[in-house]
Amino acid sequence: MYSACTRRPEISYVFYFFTYTCTFTNIYFCSFLIYQNVVDTTPPTVIQGPETITRVIELGDGGVIVSWEDLAVTDSSGTQTLISRSNSPDSFFPVGDTSVTYLYGDESGNTVTYTFCVTVQPIDTVPPTISNCPQQVISVTIELGQSTGVAVWTEPTATDLSGSSTLSSRTAAPGDDFVIGQTTVVYTFVDASNNMATCVFTVNVETGLSYIFCAHVIFVILQYIAKLCTGSCKKC
């Protein structure tokens, strides 16, 4: 039988060595080693990383450059390595959703995957483009004694980046009657995003002298001149 055993640990790389020395009641003693293998089964830990990243661009643009800070990763071994990533910061992302995946590993082959989403969303902030909007005043001349006149014009149209534009309203239409004076006509177009564009022009209705009225005026003037001449001749 032995009286006592003492343990002296020694460490070498990933193995722990424990030396046991046993002293017996007589002169005999023995020493032996116990090997304890330390295995790392814990993957790296992501401390901080992006969540969903959303960027807004104008409708018609193909995509946008997106940037972010790389992941903060730690490991119990003190060493962690970026094995791969599907996209890097300051990359171009198209319209829609794109998954970005990072893969980190340690010296023991443990790995961790981190994924986040980059969303590029187009919005339409550009109003429709109007064509054929009258650039000059539309003038209408009516006979003396009339109170309204009919005005005609080529109606304006509109196009939009979204492919859809609608005539929302108009204050008058070709062929309508307009009172004497100036009237403002407004066409309003909208697109699917409620961007609005307007076409504004003026219709001016004025009275003109008829041929009969002009002839009558001329006749009166000629009569007056004739009387003046007749009077002058008698004095002579």
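Bear in mind that the values here come from a model prediction, so they are computed numbers and not experimental data.

Undergrad: How should I be thinking about the overall build of the protein in this particular structure?
TA: Across its full length, the protein holds one helix and 19 strands. Every one of the 236 residues in the protein was classed for burial, and the buried ones make up 26%. Counted over contacts in the protein with a minimum sequence separation of 6, partners at least 24 positions apart contribute 54%. Approximately 15,700 Å² of the protein is accessible, and the part contributed by carbon and sulfur atoms is 55%.

Undergrad: Would you mind going over the confidence of the model for the protein with me for this structure?
TA: Within the protein, residue pLDDT values average 84, and 75% of them lie at 70 or more. Confidence over residues 1-5 falls short of pLDDT 50; this stretch has 13 contacts with residues more than four positions distant or in other chains. Of the regions scoring below 50 in pLDDT, residues 7-17 engages in 25 contacts with residues more than four places distant in sequence or in other chains.

Undergrad: Teacher, can you tell me more about the packing of aromatic side chains here?
TA: For any two aromatic rings, the description comes down to two numbers: the centre-to-centre distance and the angle of the planes. Evaluated as defined, the whole model comprises eight aromatic pairs. Every member of this aromatic cluster is reached through a ring pair, and the members are W68, F93, Y102, Y104, Y114 and F116.

Undergrad: Help me understand the state of the cysteines, please; the structure alone is not making it clear to me.
TA: Applying the stated criterion across every chain, the model contains one disulfide. The disulfide that involves C133 links it to C199, with 2.0 Å between the sulfurs. The chirality of the disulfide connecting C133 with C199 is right-handed, given an S-S dihedral of about 90 degrees. Pair noted here: C133 is in the loop between β12 (129-131) and β13 (138-143) and C199 is in strand β19 (residues 196-208), with a separation of 66 residues, a long-range link. One exposure class covers both C133 and C199, and it is buried.

Undergrad: Teacher, can you tell me more about the sheet that holds strand β16 (residues 165-170) here?
TA: The four strands are arranged β13-β19-β18-β16 in an open sheet whose pairing can be described as mixed. Each of the sheet's edge strands pairs with one partner strand only, and the pair in question is β13 and β16. On average, each strand axis in the sheet is tilted by 25 degrees relative to the strand beside it, whichever way the strands run. In the sheet, β16 pairs with strand β18 (residues 181-191) via five bridges, with the strands oriented antiparallel. Each bridged residue has a counterpart across the sheet, and for R170 the counterpart in β18 is Y187.

Undergrad: Sorry if this is basic, but what is going on with the pairing of strand β9 (residues 91-94) here?
TA: Consecutive residues of a regular strand have side chains that alternate between opposite faces of the sheet. Of the two faces of β9, the one holding S91 and F93 is buried and the one holding F92 and P94 is not buried anywhere. Relative to β9, strand β6 (residues 63-66) runs antiparallel, the two being bridged by four bridges. Bridged to V64 within β9 is F93.

Undergrad: Mind showing me how you'd approach the pairing of β18 here?
TA: Pairing analysis gives ten bridges linking β18 to β19, with the strands arranged antiparallel. Opposite Q182, over in β19, you have N204 as the bridge partner. Linking two consecutive strands that pair antiparallel, namely β18 and β19, is a turn of four residues; a positive phi of about 65 degrees is found at N194 within it.

Undergrad: Looking at this structure, how should I read unusual backbone geometry?
TA: Excluding glycine, a negative phi dihedral is what most residues carry, and trans is how most peptide bonds are arranged. Phi angles above zero are rare outside glycine, and D90 is one such case at about 65 degrees. Here D90 is to be found in the loop between β8 (81-85) and β9.

Undergrad: Would you explain the nonpolar core in this entry?
TA: Note on soluble globular proteins: their nonpolar side chains tend to be buried together. Membership of the largest hydrophobic core comes to 16 residues, with the highest contact counts inside it found for A151, W153, F178, V185, Y187, F201 and V203. Taken together, the elements giving at least two residues each to this core come down to β13, β18 and β19. With four residues, β19 is the largest single contributor of residues to this core. Grouped together as the second largest cluster of nonpolar side chains are 14 residues, V66, L71, Y102 and F116 included.

Cut-offs and rules
- Residues numbered from 1 in each chain as written.
- Predicted model: local features only at pLDDT ≥ 70, side-chain atom pairs only at ≥ 80, totals over all residues.
- Heavy atoms only, no water.
- Helix = DSSP H or I, 4+ residues; strand = E, 2+ residues; numbered from the N terminus.
- Buried < 20%, exposed > 50% of the residue type's maximum accessible area, 1.4 Å probe, protein only.
- Contact = heavy atoms within 4.5 Å.
- Areas by Shrake-Rupley, 256 points an atom, 1.4 Å probe, with all protein chains shown as cover.
- pLDDT = per-residue confidence, 0-100.
- Phe/Tyr/Trp six-rings, centres within 6.5 Å; stacked < 30°, edge-to-face > 60°.
- Disulfide = S-S within 2.5 Å.
- Pairing = 2+ DSSP bridges.
- Axes fitted to C-alpha atoms, helices over the stretch in contact; angles between N-to-C directions.
- Core = buried A, V, L, I, M, F, W, Y, C linked by side-chain atoms within 4.5 Å.

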